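# Structure at a glance
The chain contents come next:
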Amino acid sequence: MTSDAEEFKKDLDDIAIKFKQNVQLEDRKHRFKTYKQVFVGTEAVDYLIKSEAASSREDAVELGKALQQMNIFEHVLRDHEFEDEYLFYRMVGENERGAFKIDEKTGEKVKWASFLGGDSVSKGNHESPRQPNLPKPDLDALNPKDVHAVRHVWPMDSHNTTLLDHVHPPEWRDPKANNKDGSSTYDLVCIGAGVGGLITAAGAAGVGAKVAMIEENLLGGDCLNVGCVPSKAIIHSANMAHSVKGDIKRLEAAGIFVDPNAVHIDFGKVMERVRKVRAEISHHDSAERYTELGVEVYIGRAVFTSERSVIVNGRTLNFKKAAIATGGYPTLFPMKGLKELHEKSFSTDPTETKPIVMTNETFFNMTKQPKRMGVIGAGVIGMELAQAMQRLGTEVTVFGRSGKVLPKEDEDMAEIVKQQMIKDGVSFSLSVAEYKEIELNGNVLDDNGYPEMKMTVVEKGEDKTETTFEFDALLVAAGRRPNVTGMDLELAKVEYDTKKGLIVNDKLQTTNPRIYGVGDCCSEFKFTHAADFMARIVIRNALFFGKGKMSDLLIPYATFTSPEITSVGLYGKDLDELGIEYRVFEKHFKDNDRAICDDNTEGFIRFRVDAKTDTILGCSVVGEGAGNMIGEVTLAMESGTGLGAVANVIHPYPTTSEVVRQSGDVYNKTKLTNTVKSLLRGIVKIQN
Ligand SMILES: Cc1cc2nc3c(=O)[nH]c(=O)nc-3n(C[C@H](O)[C@H](O)[C@H](O)COP(=O)(O)OP(=O)(O)OC[C@H]3O[C@@H](n4cnc5c(N)ncnc54)[C@H](O)[C@@H]3O)c2cc1C
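### Let's talk about helix 17 (residues 411-424)
Between its first and last C-alpha, helix 17 extends 20 Å over 14 residues, near the 20 Å set by a 1.5 Å rise per residue. On its buried face, helix 17 is in contact with helix 16 (380-391), strand 15 (427-429), strand 25 (564-569) and strand 28 (616-623).

### Side note on the site of the ligand
Taken together, 36 residues lie near the ligand, and Gly192, Gly194, Gly221, Gly327 and Gly519 sit nearest. Residue classes in the shell around the ligand are distributed as 14 nonpolar, 16 polar and six charged.

### Concerning the packing of helix 2 (residues 41-50) against helix 3 (residues 57-69)
Packing of helix 2 against helix 3 leaves a shortest axis separation of 9 Å and a crossing angle of 105°. Comparing the axis directions of helix 2 and helix 3 gives the class roughly perpendicular. Facing helix 2, whose interface residues are Ala44, Val45, Leu48 and Ile49, helix 3 presents Arg57, Ala60, Val61, Leu63 and Gly64. The residue inventory of the contact of helix 2 with helix 3, partitioned by class, reads seven nonpolar, one polar and one charged.

### With respect to the domain arrangement of the protein chain
Split into domains, the protein chain comes out as domain 1 (3-91), domain 2 (112-119 + 134-167), domain 3 (184-219 + 286-330 + 481-552), domain 4 (338-479) and domain 5 (563-674). Here the C-alpha centroids of domain 1 and domain 3 sit 33 Å apart. Each partner contributes residues to the interface: domain 1 has four residues there, and domain 3 has six residues. Looking at the side of domain 1 that touches domain 3 residue by residue, the class counts come to one nonpolar, one polar and two charged.

### Some points on the pairing of strand 9 (residues 309-312)
A one-sided burial pattern is seen for strand 9, the buried positions being Val310 and Val312 and the unburied ones Ser309 and Ile311. In the sheet, strand 8 (residues 303-306) pairs with strand 9 via three bridges, with the strands oriented antiparallel. Across the sheet, residue Val303 finds its bridge partner in strand 9, namely Ile311. The antiparallel pairing of strand 8 with strand 9 creates a hairpin that spans two residues between the two strands.

The rules we used
- Each chain carries its own residue numbering, running from 1 in the written order of its sequence.
- Local features in a predicted model are, by the rule used here, given only for residues with pLDDT of at least 70; side-chain atom pairs are given and counted only at 80 or more, and totals for whole chains, interfaces and linings are based on all residues.
- Secondary structure elements are taken from DSSP: a helix is a run of H or I of four residues or more, a strand is a run of E of two residues or more, and numbering for both begins at the N terminus.
- For a helix, the expected span equals 1.5 Å multiplied by the residue count minus one.
- For the purpose of contact definition, each residue receives a C-beta atom placed from its backbone, and two residues are in contact when these atoms lie within 7 Å.
- Being near a molecule or strand means, for a residue, that its C-beta atom, positioned from the backbone, comes within 6 Å of it.
- The nonpolar class holds Ala, Val, Leu, Ile, Met, Phe, Trp, Tyr, Cys and Pro. Asp, Glu, Lys and Arg form the charged class, and all remaining residues, Gly among them, are polar.
- The axes used here are C-alpha line fits, helices contributing only the stretch in contact, and every angle between their N-to-C directions lies in the interval 0 to 180 degrees.
- If an angle is under 35 degrees, it is roughly parallel; if it is over 145, roughly antiparallel; if it lies from 65 to 115, roughly perpendicular; otherwise it is oblique.
- Residue ranges labeled as domains rest on an automatic or database domain assignment.
- Here exposure depends only on C-beta density: within 10 Å of a residue's C-beta, 20 or more other C-beta atoms make it buried, 12 or fewer make it exposed, and intermediate numbers make it partly exposed, the C-beta atoms being placed from the backbone.
- Pairing between strands requires that DSSP locate at least two bridges from one strand to the other.

This is the structure we're talking about:
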């Protein structure tokens, strides 16, 4: 902070103290409701002028807004900024909603750097193994609830300490109890602060509910910390690398000549950028921001104690309603040696050589590039990260059992993605009958210090061929389980299935009607935007007797490989199963002018349309930028706009999204019967 800024902050702090002491608090009535111990905007402005803190009413309003931003007070319904009007505001008590611990000696907030010692917080990339080398005494000094956070986030550079300060501040002071017996009571308690919990909590607080949000690990959940955000950041670097190193023919066709051997990829820098991007975004999900939004934030593990209460850090929270948004976790699968090597990868023993056996929870901790990497799982996560690593220069082999990649998508579309990945250099072994064994082969690579492993698989087929693969890193992306155990859900009378998650009805109510489920812990649509929209349903249903239904959601999804692949609505196989007759309309990128200009002609759009009308039942796109196209199709489906009408939506020329409109043209042409066609020809002739 500059000295001017420090001076200003000090002045503001002084004004805040006097403001709290002098503004008149009274119980006041509005529309039959009494608001306890509140002040009025106009009176506060009077005080700020009288005390000479502000020289005009306009200045006083600006000053009031600054105090409100400091969380000194809030509008009683939290829906007004500070104004010179007859509006009621209440003071926010110290530590009322949770707060950073303040160091008694320095008066500063306690942050992660306090535990790491000044020098150990590197400014950039770390050249050390994957686990934190935090100074022992300080690590021991950590509150046990904070140790978990550093076990999964590495290296402790400035980016990761910023991330943790936002999403898991050390020694966070839980909100004050609001009942005399030391418990607290809330309109809504959210368990888990991934997207599902964050949106539910912020939305509910925004409409005036008293809300607690409990997170045991990192606010932001999978998406921010170990999912969407870091994966898209590494994909960005990978695709840039590919365009100058792997896509030489396309570059040369565009008249650009580079020497691919002169292009150097600094993997450490790539991963540092991933951490930087994540840290930059993390303030959106921070404990401090959610506190400012009116949510009482607890950092700790929530366990149910009854149908209407949970316990966290020894405090009982009673609730009128609760939302469980505990997400999921990656699973290992039976293979001799896998569990042991995975556990060893977390070792903090500096004398031990740590195998690089990862799930998405540890993948983004890598600082050194593996030479060869196995990826188990050819679903979305496996395919995205496999392609990214190959494009960054690691030799990748993807393993699967079903013979297919991206099994949810139409096979011919998924094949386009697979063929591009083969061109990139990825190998596939997709007919594994059994993963037999994995073990260290005793060799440690000089370049990165990673120990090599050998993995034996048995392939499908009568001769049951055994093949052994060697690599120095393994990513397991072979499935996820919902987080539903260890919370004493039985005491809350909430039923669950360890594979499918919480049992919820269409209104997202669990078997305890006061408790709702949100996001990955109770949905087969394991996407951030799905968790977001489930949260909106829960706010309506839990707080406003709403009738929002999960089955009303139309959820598109995308896999961010290159080319991307995306879908919305029903696939052909679903329609066949349901016995619904449909027609297919396609438009290929090779016929799209923009795709030709961009030399990006691989891929196509496929509409599945009701056999008798033009109602769109489903749509898939594979091609560059496909993810950005599906929103328009989703809008058409949501608004009941048929494919015939889509033909009338003018798209700027030349854009690849014209394939959406052009599919409408293809549809409309099928409506012209031979009679209509000859009639039209006749009219044209007469006019000539
Ligand atoms: C590698 C990867 C890439 C992805 N990419 C995309 C993408 O591009 N687009 C997309 O839409 N989706 C993507 N996803 C999926 C997306 O991340 C999830 O769908 C989303 O995070 C689900 O949010 P959630 O709130 O349901 O759960 P989570 O994000 O898992 O949050 C649940 C939280 O609950 C906490 N918790 C659990 N139990 C307790 C307890 N008892 N007490 C307190 N806290 C508890 C957990 O610590 C966690 O923070 C990706 C996922 C992965 C793994």
